[in-house]
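# Breakdown of the fold
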Amino acid sequence: SVTSVTVEPNESQDIDILVTPAENVVADTYVIPVRAQAGSFDEEVELETVITGMYDIELTTPSGNLSSDVTAGGKTTIDLVINNTGTADLLDIELSADTPPNWDVSCDKDEIPAIEAGGSERVKATIEAPNDAIAGDYVTSIKASTSHVSDEAVFRLSVKTSTLWGLVGVGIIIVVLGGLYFVFKKYGRR
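Everything numeric here is computed off the predicted structure, so don't read it as measured data. Sequence order sets the numbering: in each chain, residues are counted from 1 along the sequence as written. Where local features are concerned, this predicted model is filtered to residues with pLDDT of at least 70; where side-chain atom pairs are given and counted, the filter is 80 or more; whole-chain, interface and lining totals use all residues. Values shown for side chains rest on all heavy atoms present in the structure; no hydrogens or waters enter the calculation.

## Overview of a negative patch on the surface
Stated precisely, the cut-off is as follows: To count toward a patch, a residue needs a relative accessible area over 30% and no salt bridge; like charges are then connected within 9 Å, while nonpolar side chains (Val, Leu, Ile, Met, Phe, Trp, Tyr) are connected within 5 Å. Here, Shrake-Rupley sampling with a 1.4 Å probe gives the accessible areas, and only protein chains in the shown set may cover a residue. A carboxyl oxygen of Asp or Glu within 4 Å of a side-chain nitrogen of Lys or Arg is what we treat as a salt bridge. We count Lys and Arg on the positive side and Asp and Glu on the negative side, and we leave His and both chain ends out. By convention, charge coordinates are those of NZ in Lys, CZ in Arg, CG in Asp, or CD in Glu. What counts as a helix is a DSSP run of H or I of at least four residues, what counts as a strand is a run of E of at least two, and both are numbered from the N terminus.
Residues Asp-92, Glu-94, Asp-108, Asp-110 and Glu-111 make up a contiguous surface patch of negative charge. Topologically, Asp-92 is positioned in strand β6 (residues 90-98).

## Remarks on the nonpolar core
Put simply, the rule reads: Nine residue types can take part in a nonpolar core, namely buried Ala, Val, Leu, Ile, Met, Phe, Trp, Tyr and Cys, and a core is a set of them joined through side-chain atoms within 4.5 Å. Buried residues are those whose accessible area, probed at 1.4 Å on protein chains only, stays under 20% of the maximum for their type, while exposed residues exceed 50% and partly exposed ones sit between those limits. Any two residues whose heavy atoms approach within 4.5 Å at even a single point are treated as in contact.
One finds Leu-80 and Ile-82 to be the most contacted residues of the largest nonpolar core, which totals 26 residues. When contributions to this core are tallied by element, the ones reaching two or more residues are β3 (57-60), β5 (75-84), β6, β8 (111-115), β9 (120-128), β10 (136-145) and β11 (150-160). In terms of residues, this core owes the most to one element, β11, which gives 4 residues. With residues up to four places along the chain from it excluded, the contact list for Ile-82 reads Ile-57, Glu-58, Leu-59, Leu-95, Ile-112, Ile-115, Gly-119, Ser-120, Glu-121, Val-123 and Ala-144.

## Some thoughts on the sheet that holds β5
Rules: Two strands qualify as a pair provided that DSSP identifies no fewer than 2 bridges between them. In this description, a line fitted to the C-alpha atoms serves as the axis of each element, helices being fitted only across the stretch in contact, and the angle between N-to-C directions of two axes falls anywhere from 0 to 180 degrees.
Strand order in the open sheet formed by 4 strands is β3-β5-β9-β7, with antiparallel pairing between adjacent strands. Of all the strands in the sheet, the pair left with one neighbour each is β3 and β7 (104-107). Within this sheet the neighbouring strands show an average axis-to-axis angle of 25 degrees, counted without direction. Taken together, the 4 bridges between β3 and β5 define a ladder with antiparallel strand orientation.

## Here we look at the sheet that holds β11
The strand order β4-β11-β10-β6-β8 describes an open sheet built from 5 strands, whose pairing is mixed. Edge strands, defined here as strands with exactly one partner in the open sheet, are β4 (67-71) and β8. Across this sheet, the average inter-strand angle for adjacent strands is 30 degrees, counted without regard to direction. Judged from the 4 bridges that link them, β6 and β8 form a sheet pairing that is antiparallel. Note that in β8 the partner of Ile-93 across the bridge is Ile-112.

## Observations concerning the pairing of β6
Relative to β10, β6 runs antiparallel, the two being bridged by 5 bridges. Paired with Ala-97 across the two strands is Ile-142, which belongs to β10.

## Quick notes on unusual backbone geometry
Positive phi, close to 60 degrees, is recorded for Asn-10, a residue that is not glycine. You can see Asn-10 is positioned in the segment before β1 (28-38). A positive phi angle is found at Asn-102, which is not glycine, with a value near 70 degrees. By the element assignment, Asn-102 lies in the loop between β6 and β7.

## Observations regarding the environment of Ser-145
Here Ser-145 is to be found in strand β10. Distance in space between the C-alpha atoms of Ser-145 and Leu-90 is 9.5 Å, their sequence separation being 55 residues. Beyond its immediate stretch of four places on either side in the chain, Ser-145 contacts Asp-92, Ile-93, Glu-94 and Ser-150.

## A word on the confidence of the model for the chain
We apply this condition: As a per-residue measure, pLDDT tells how confident the predictor is, with possible values from 0 to 100.
Of the residues in the chain, 96% have a pLDDT of 70 or more, and the chain-wide mean is 87. Per-element confidence in the chain ranges from a low mean pLDDT of 83 for helix α1 (residues 163-187) to a high of 94 for β3.

Structure below.
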């Protein structure tokens with residue numbers, strides 16, 4: 001902010017103008033009028049500045065929960081939300097995953113053409129555990145990236161063993177107990 005400057009006849013004076021945009025300003029071209037006045041003389045010039053915007057991306061879930069359960073050999077579906085938290089549009093967003101060995105992740109949209117500034121996009125990710133997965137916790141990370149920014153969400157997946165094997169075990173125990181009963185009933189105590 002300059003209130004006055006002294007300029008001698010047939011001379012010039014340089015003035016630096018510093019423009020600081022607001023943090024949430026939208027990417028666009030803006031005109032900044034600059035006015036000089038001396039007595040009855042008045043002159044105005046319009047400076048133009050181009051705000052390219054700030055790139056920022058967030059990958060999360062609607063609830064913010066980054067954990068899920070899956071059965072060995074089964075699948076679980078996770079709803080993902082990709083938020084453009086910057087002031088510039090995001091283009092060509094790609095989704096990728098880093099999984100434990102023999103796991104598989106597929107998304108209903110592997111690539112998103114664009115998300116406007118302040119906008120969001122929902123994606124469904126299906127995570128499949130292998131048949132031989134041992135019960136326990138596993139980590140899978142899903143990444144959303146553009147040429148400018150990226151974000152990663154790390155999911156904790158708890159693998160539960162199939163109840164089928166529990167039922168088979170109970171069936172074996174019942175058969176053995178039935179066999180013992182039959183043997184003691186037929187031959188008694190001797």
